[in-house]
Amino acid sequence: MNPLLSRLQPYPFERLRQLFAGVTPAAAYSPISLGMGEPRHPAPQLVKDALIGHLAGLGHYPATAGEPQLRAACAAWLQRRYGLALDPGRQLLPVNGSREALFAFAQTVIDPSQGPPFVVCPNPFYQIYEGAALLAGARPYYACSDPARNFAVDWDAVPANVWQRTQLLFLCSPGNPTGAVMPLAEWQKLLALSERHGFVIASDECYSEIYAHDPPPLGGLQAAAASGRGDFKNLIAFTSLSKRSNVPGLRSGFVAGDAALIKSFLLYRTYHGSAMGPSVQAASTAAWGDEQHVQENRARYREKFARVTPLLARVMQVALPDAGFYLWARVPDAFGLDDTGFAQALLAQYNVTVLPGSYLARAVQGHNPGAGRVRMALVAETEECMQAAERIVQFARSHADRPPSSIST
């Protein structure tokens, strides 16, 4: 077996399953999960129609590069969304969701032959970044976010010798779990570091279309073009239909940017056997070509956050995020509970599932930046999210003044 597999840590939801193994959820309440970031709004009808209407293509092997119609639809979306004109044949590639692409991309660009290089990622982070780095023979370096600066990552705290040995930087804007959006100045700092040290930037932008206020979040390619780097050297953006169009089961997205990196990634994927099925390509083409369902989806999230956030803010430190569909809430010190204890007690007493923040981060110099926080995914319908929020308020008010020893899980 590949010895690097032993370095992988349990996925957050496996840790959550183990955490809840001895917990009996309150039977008086129906279960509500805010744990997993899986969109639960209905999938658009035009996507389902296109999927069903193109089943004849199942009789043919698809090309790894995707059909010209799909690449053209993706390029047209980039033009509408960011004002960018990319060559769909050289600077763009369909992928089976951003998750598999983020992992596979690291295997393409990392060269461990001169000793393990660094892969830098934000902290907290999406665990695929860590796993991709480890299995590529690299060392993850965790750059912590700063709550005092709207959870912006403290890139200045990354030592110069780490940047010198970095081959890949994972970015996530809007961020998971914090919802923070990187401004142009932060992008320009990282683009300059990439140019100086030669590392590649993988920009995870799967939450880009869910935002509370206009203007929409800045994209990595957009930031590069605004900074005079229109060739997108050493930069690849990853995007997905899962959140934008409520089709996580479709497993569809695309990557775009540096033509040389796209060429190498296509070579890797040709051998990897990761071509997108014809019916999924047709459904994806329909999704990228339509904005009405995206606007309706965004409006539903905005209503949800506008109703839920003020309610939870009465009992917890929580604020409307820049973008995304997560609330990154702090567990009040008065509870006498850490984030795992809070999650256990909330499930036991009100049958609501949240994800402990410490499961989404790693300790750096003895401090885990996710500790004491919980991630709440507002993916269910509004009324169900409101029910969950009301239960959390009841939980908070009933436990705020109780000694820790009296709080049962």
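Right above here is the structure, for reference.
Residues numbered from 1 in each chain as written. Predicted model: local features only at pLDDT ≥ 70, side-chain atom pairs only at ≥ 80, totals over all residues. Heavy atoms only, no water.

K.L.:
Help me understand the pairing of strand β13 (residues 373-377), please; the structure alone is not making it clear to me.
P.N.:
Side chains on a regular strand alternate between the two faces of the sheet. Counting buried positions along β13 yields five of five residues, so the element is predominantly enclosed. Residues of β13 alternate between two faces, with Arg373, Arg375 and Ala377 on one and Val374 and Met376 on the opposite face, all of them buried. With five bridges connecting them, strand β10 (residues 326-330) and β13 associate as antiparallel partners. Residue pairing for β13: Ala329 is matched across the bridge by Val374. (Buried < 20%, exposed > 50% of the residue type's maximum accessible area, 1.4 Å probe, protein only. Helix = DSSP H or I, 4+ residues; strand = E, 2+ residues; numbered from the N terminus. Pairing = 2+ DSSP bridges.)

K.L.:
Can you help me understand the packing of helix α4 (residues 98-109) against helix α10 (residues 259-272) in this one?
P.N.:
Angle between the axes and distance between the axes are the two parameters that describe a pair of packed helices. As a packed pair, α4 and α10 sit with axes 10 Å apart at the nearest point and diverge in direction by 105°. Relative to α10, the element α4 lies roughly perpendicular. Only Leu261, Ser264, Phe265, Tyr268, Arg269 and His272 of α10 make contact with α4, whose side of the interface consists of Glu100, Ala101, Ala104, Phe105, Gln107, Thr108 and Val109. Grouping the amino acids of the contact of α4 with α10 by side-chain chemistry returns seven nonpolar, four polar and two charged. (Axes fitted to C-alpha atoms, helices over the stretch in contact; angles between N-to-C directions. Parallel < 35°, antiparallel > 145°, perpendicular 65-115°, else oblique. Contact = heavy atoms within 4.5 Å. Nonpolar A, V, L, I, M, F, W, Y, C, P; charged D, E, K, R; others polar.)

K.L.:
I tried to follow the sheet that holds β10 on my own but got confused; where do I start?
P.N.:
Taking strand neighbours across the sheet as the criterion, the three strands line up as β10-β13-β12 in an open arrangement whose pairing is antiparallel. Sheet topology places β10 and β12 (355-356) at the edges, where each strand pairs with a single neighbour. Summarising the sheet, β12 and β13 pair through two bridges and their orientation is antiparallel. Considered in β13, the bridge of Leu355 is made with Arg375.

K.L.:
What is the right way to read empty space enclosed by the protein from this model?
P.N.:
Unfilled space is identified by rolling a water-sized probe across the atoms. In total, this model carries two cavities of 30 Å³ or more according to the counting rule given. Considered as a void within the structure, the largest cavity measures approximately 80 Å³ in volume. Around the largest cavity, the lining comprises 14 residues; the ones closest to its centre are Leu78, Tyr82, Glu205, Leu221 and Ala237. Looking at side-chain class alone, the lining of the largest cavity contains eight nonpolar, five polar and one charged residues. Roughly 60 Å³ of volume is contained in the second largest cavity. Taken together, Ile210, Tyr211, Ala212, Arg298, Tyr301, Arg302, Phe305, Pro321, Ala323 and Gly324 form the lining of the second largest cavity. Residue composition of the lining of the second largest cavity, by class: seven nonpolar, one polar and two charged. (1 Å grid on protein atoms, 1.4 Å probe; cavity = no way out; pocket = protein on both sides within 12 Å on 5 of 7 lines; lining within 4 Å. Points joined across faces, edges and corners; volume = space filled by probe spheres on them.)

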